[in-house]
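Inside the fold
Here is how the chains run, residue by residue.
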Amino acid sequence: MSKERIDIPDYSTLFTEERYVQQRENKKQFEAPCSDEAKAEALAYSKSAEYLEKNFERKAVVINPHKACQPLGSVMAALGFEKTLPFVHGSQGCNSYFRSHLSRHFKEPTPAVSSSMTEDAAVFGGMSNMIDGLQNAVALYKPEMVAVCTTCMAEVIGDDLSAFIGNARQKGAIAEDFPVTFANTPSFIGSHITGYDAMIKNILSQLFDRSGQTAAPGTGEEGEKLNVLLGFEPYTGNFAEIRKILNAFDTKYTILGDHSGNYDSPANGEYEYYYGGTKLADVPKAANALGSLVLQKYTLKKTQEYISGTWKQPISSLSTPLGVKATDKLLEAISQLTGLPVPESLKEERGRVVDAYTDSHPYLHGKRVALAGDPDLLLGLIGFCLEVGIEPVHILCSNGDVEFDGKKWKEEVEALLATSPYGSEATVYVGKDLWHLRSLLINDPVDLAIGSSHVKFAAKDAGVPLVRVGFPIFDRHHMHRNPIIGYQGALNLLTLIVNIVLEQLDNNPSGLVDLVR
Amino acid sequence: MGLDIEANKKLVEEILEAYPDKTKKDRKKHFQINTEETKESCSCSLKSNVKSRPGVMTPRGCSYAGSKGVVWGPIKDMVHISHGPVGCGQYSWGTRRNYANGTLGIDNFTAMQITSDFQETDIVFGGDKKLEVICREIKEMFPLAKGISVQSECPIGLIGDDIEAVSKKMAKELEMPVVPVRCEGFRGVSQSLGHHIANDAIRDYVMGKAELAETGPYDVNIIGDYNIGGDAWASRILLEEMGLRVVAQWSGDGTLNELQVAHKAKLNLIHCHRSMNYMVTHMEQAYGIPYLEYNFFGPSKTYESLRAIAAKFDATIQENCEKVIAKYKPQMDAIIGKYRPRLEGKKVMLLIGGLRSRHTIGAYEDLGMEIVATGYEFAHKDDYERTFPDMQTGSIIMDDPTAYELEELAQKLNIDLMGSGVKEKYVYHKMGIPFRQMHSWDYSGPYHGFDGFKIFAKDMDMTVNNPVWNLFDKKEKVQPEGASV
């Protein structure tokens, strides 16, 4: 360590220096800025009840939506299978965006290729891009499967994936027996979760069809007892937690779509393109399982239809199991599907979490919160809030609309809220965005906001602390490594939330600080 | 000093062996090894600005990214509609750290995602009607917005929407500029065409539309600085200290008015030549404003650039320039004195957009670091011609390299630092190779100017010398044949 100290201010302090403050003022002469009065007036207006009303009247513009597009989900789905390379058929920019978006959340690489379609493909179609692309991708990245999804470009021009892939085989670009699964995922339908569903469903059905086997539920060997599907899962820790739970039951299982390996791989001096994932051979075998356990039932809508329709399996449909009661239900579901009793170790763990709840409840009771997220995550969060005495007030779901049978989801949310007096204050906003949430947070204040990093702008404007849960979390580290499902997840969520409340208390305006809580 | 030319040629050829024949033949044209001859003649046979091969994991983005993500997005007092489906706007939301003063959602709209969120019905029936409503709603929701830009995503061009007509109508109705930008992602081969399209839209719809109250002999524009981590501010401060008056800042922390009055300046100073050369060449032709390329990465290049800028003015400015240099030089010497011994001889590979792979070389060299390979995502021939003289002989220069090529090179050249973007970052972390994000400074910055160099030096030291790199349970590295460094 050098004893000579050189002070190096960075962006967080540098621009508060007088010379930069001066610069900022000086620059205004060329900016033609609005007057301070006009700005103050506009700011006040943006916080008014009148503005809130206008905000909710708008029909066309979407401002800060809490959703992404279909192919992003498909890329994540593809990475859930062993040595599978996601292949995005369309303009290459989309693929770059998916790769960077997912990498920013997980802080891990996202291998995926594109067919790099440009103007000529827009006119003539993207078949030659697909053929060359498959040949290059297989030669270079040596996958055992390629999973193709489309962007809006390929969908608008009407590229026929099945025919193109067939032609690629015919032309010898890829071997006849090399598996290429695909899903149509236009970005103008649904969102990242529908895209996840489309790709998972197609991977399952296409690998099953290739195997030529017939579904025979309940006939599987040990390994195929239970199928587990987590859905569009931003927490790698949740995969570890469900494994822990199933191992405690001492049951065999197959996770269908396990991207946790790809998004939580070790750094040991070598990079491989593929880490973990569901084994391809396990997919057709999964048709012989006793049943399937689904942890994001609204996300995995088509997949469930497929499993129950074609594989003829019973399905336990849950939403993200957050909190004690939801975990109880999860364990019951596993018990039911497998016929095994809930293990003592988990009961003990439950008790420890309830103990933690009791310790923390004084700081949570009656806290008013706003929630934003995907449909299944929100159901989980609401359940968690209600069981610790937190009162959900604003519940916002940008992508819980038409394609998610929004009414049904909303009805379930409202039914859940109605089970508890703590749910009586809540309003559910389907298809709304984070600019709506800003108005709500300002006009009907809450104590905490819970949601992704994107919620921070609205939360900041309203002066509300944000508890980061969901996707994407760009601005905090390693949140996704810790589970939020299961009893352990309940404890983690509790810890996260109660400590943000305690930190707020330490910053209270009176200046009175307590050592003991 | 130099690297082994033949060995590096061989190395590149070996790496390309993995490709199918057609792609191998194509990719070969995108590599060149620097020689004394190419250094002097700047002649390059290297292929650039052509389509990427499908299926190869190119680092490139698209036109929309070049227009909305780079050029238009940072203009703070306009609302930029990501027109089309939800994704493009969502993924480009706040990722380039273009800082801007102002209140978000009131008089600053940079860190927002405003989209028409196209649904299937919009694709079938067209989105023009919806776009009209959106423009009106923007006026309603953001009364202080000075204008609107319509950033087209892929479907807009494919379904044949007439955003020009809608924009014209709405500009009249709302009494402010509404600018259609045809930056659909499938246009062109990379972000680069998006920059060009964005520049053309500024030229056609904004430029020259307002006047400056008074002009002066020292009026200049900063062109092609996106204020990443505050870069443009750290640059502007030096120009102003030197006695120049910066009229317009394009486009980081920029405003509509600055775009509109920029034609009144006496000199255009262009930093990112790749993304805004179209603009300065147009302004030279149309308004007779000369331009000067400058480089504020690292003290050597900054001194050189400040003097070149001052040389365009009178003795007063030139004296001021020397004063500015004299003021900051001791600070820069102290930084170099501290960090150079820790970074001397470290080997660097860079793969950045269309400019920084050459612009940052001086800054690395000021710290004693050596660039062994460098490449661009979307550069053109003129960028490469500017790059060859700045690189040592034997170094590898590459265009649109694939992830695979970079990973092979990184290992075989045994580099100590990789500078690229977030898609690459975590790959190098796995490999145990120190990495810095050179598109967005990795949540740090600024890197421009003298204040920026301090942070740059600190960041490079932090990256290369952090003890975490010693914790890797690595396999013994074997120096392969053909590696020259």
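The structure presented is a predicted model; accordingly, all values stated were derived computationally and were not measured. Here the residue numbering is sequential within each chain, running from 1 through the sequence in written order. In the order they appear in the text, chains get letters beginning with A and ligands get numbers beginning with 1. Per-residue local features of the predicted model are confined to residues with pLDDT of at least 70, and side-chain atom pairs are confined, for both listing and counting, to 80 or more; whole-chain, interface and lining totals are unaffected and use all residues. Only hydrogens and water are set aside when side-chain values are computed; all heavy atoms of the structure are taken into account.

Focus: the side chain of B:Glu132
All names here are of chain B. In this structure, glutamate 132 sits in helix 7 (residues 128-141). Each residue's exposure class comes from its accessible area (1.4 Å probe, protein chains only) as a fraction of the maximum for that residue type: buried when under 20%, exposed when over 50%, partly exposed otherwise. For glutamate 132, a relative accessible area of 13% puts it in the buried group. Note on contacts: a residue pair qualifies if any of its non-hydrogen atoms lie within 4.5 Å across the two residues. If we ignore the near neighbours within four places in the chain, the residues touching glutamate 132 are Val166, Lys169 and Met170. We count a stretch as a helix when DSSP gives it H or I for four or more residues in a row; a strand needs E for two or more, and each element gets its number in order from the N terminus.

Focus: the pairing of strand 7 (residues 245-251) of chain B
All names here are of chain B. For strand 7, a buried count of six out of seven residues is recorded, marking the element as mostly surrounded by other parts of the structure. One requirement defines pairing of two strands: DSSP has to find at least two bridges between them. Sheet analysis places strand 6 (residues 219-225) next to strand 7, joined by six bridges and oriented parallel. Residue pairing across strands places valine 220 opposite valine 246, the latter belonging to strand 7. Following the backbone out of strand 6, through helix 11 (residues 231-241) and into the adjacent parallel strand 7, one traces a crossover that is right-handed. For crossovers, right-handed means that the path from the first strand over the helix to the second runs clockwise, given strands pointing away from the viewer.

Comments concerning the packing of aromatic side chains
Centre distance within 6.5 Å is the pairing criterion for rings of Phe, Tyr and Trp, where only the six-membered ring of Trp is used; planes under 30 degrees apart are then read as stacked, over 60 as edge-to-face, and the remainder as tilted. All told, the structure shown has 34 aromatic pairs over all chains when counted by the stated rule. Look at A:Tyr45 and A:Tyr51: their rings are 5.1 Å apart centre to centre, the planes differ by 90°, and that puts the pair in the edge-to-face class. Ring plane angle 90° and centroid distance 5.3 Å describe the contact between B:Tyr447 and B:Phe456, whose orientation is recorded as edge-to-face. The same class applies to B:Tyr447 and to B:Phe456, which are both buried. The rings of B:Phe297, B:Tyr364, B:Trp441, B:Tyr447, B:Phe453 and B:Phe456 are connected pair by pair, giving a single aromatic cluster. Two thresholds decide whether a charge sits over a ring: the Lys NZ or Arg CZ must be within 6 Å of the ring centre and within 35 degrees of the ring normal. Positioned above the aromatic ring of A:Tyr11, the side-chain terminus of B:Arg97 is 5.0 Å from the ring centre.

Some details on the layout of surface pockets
Residue and element names in this part refer to chain A. There is about 500 Å³ of room inside the second largest pocket. Going through the elements one at a time, helix 15 (324-338), helix 17 (375-388) and helix 18 (406-418) are the ones with two or more residues in the lining of the second largest pocket. The greatest single-element share of the lining of the second largest pocket, amounting to six residues, is contributed by helix 17. Either an automatic procedure or a domain database provided the assignment from which the domain bounds are taken. Among the domains, domain 2 (221-338) and domain 3 (345-507) are the pair contributing at least three residues each to the lining of the second largest pocket. Cavities and pockets were defined on a 1 Å grid built from protein atoms only: a cavity is a group of points that admits a 1.4 Å probe but offers it no way out, a pocket is an open group of points flanked by protein on both sides within 12 Å along at least five of seven lines, and a lining residue is one with an atom within 4 Å of any such point. Grid points are joined across faces, edges and corners, and a volume is the space filled by probe spheres set on the points.

Structural notes on the nonpolar core
One finds A:Leu204, B:Trp72, B:Trp250, B:Ile309, B:Tyr364 and B:Met460 to be the most contacted residues of the largest nonpolar core, which totals 147 residues. In this structure B:Trp72 touches B:Ser67, B:Met78, B:His80, B:Ser149, B:Gln151, B:Val179, B:Val181, B:Ala198, B:Ala201, B:Ile202 and B:Val206, once residues within four positions along its chain are discounted. In plain words, nonpolar cores are sets of buried Ala, Val, Leu, Ile, Met, Phe, Trp, Tyr and Cys residues tied together by side-chain atoms within 4.5 Å. If you look at the next biggest cluster of nonpolar residues, it comprises 62 residues, including A:Leu330, A:Leu364, A:Leu371 and A:Leu377.

As for the interface of chain A and chain B
The interface is formed by 100 residues belonging to chain A together with 117 residues belonging to chain B. Interface area for chain A against chain B, summed over the two sides, is near 9100 Å², with a carbon-plus-sulfur share of 62%. By definition here, a salt bridge exists when the distance from a side-chain nitrogen of Lys or Arg to a carboxyl oxygen of Asp or Glu is within 4 Å. One can count 10 salt bridges joining chain A with chain B. With its nearest N and O atoms 2.8 Å apart, the salt bridge here joins A:Asp132 to B:Lys22. The term polar contact refers here to a pair of N or O atoms within 3.5 Å; inside protein, the definition further demands a hydrogen-donor-capable atom paired with an acceptor-capable atom, and it admits residues adjacent in sequence only when both atoms are side-chain atoms. At the surface where chain A touches chain B, the tally comes to 40 residue pairs in polar contact (both at pLDDT 80 or more). With 10 residues, helix 6 (residues 92-106) of chain A is the single largest residue contributor to the side of chain A that touches chain B. All amino acids are sorted into three groups, where Ala, Val, Leu, Ile, Met, Phe, Trp, Tyr, Cys and Pro are nonpolar, Asp, Glu, Lys and Arg are charged, and the leftover types, Gly among them, are polar. Along the lines of polarity and charge, the residues of the side of chain A that touches chain B split into 52 nonpolar, 27 polar and 21 charged. Where strand 1 (residues 62-63) of chain A meets strand 3 (residues 114-115) of chain B, two bridges bridge the pair, whose relative direction is antiparallel. Its bridge partner lying in strand 3 of chain B, A:Ile63 is registered against B:Ile114. Computed with a 1.4 Å rolling probe, the buried area is the accessible surface lost when two parts are put together, summed over both parts.

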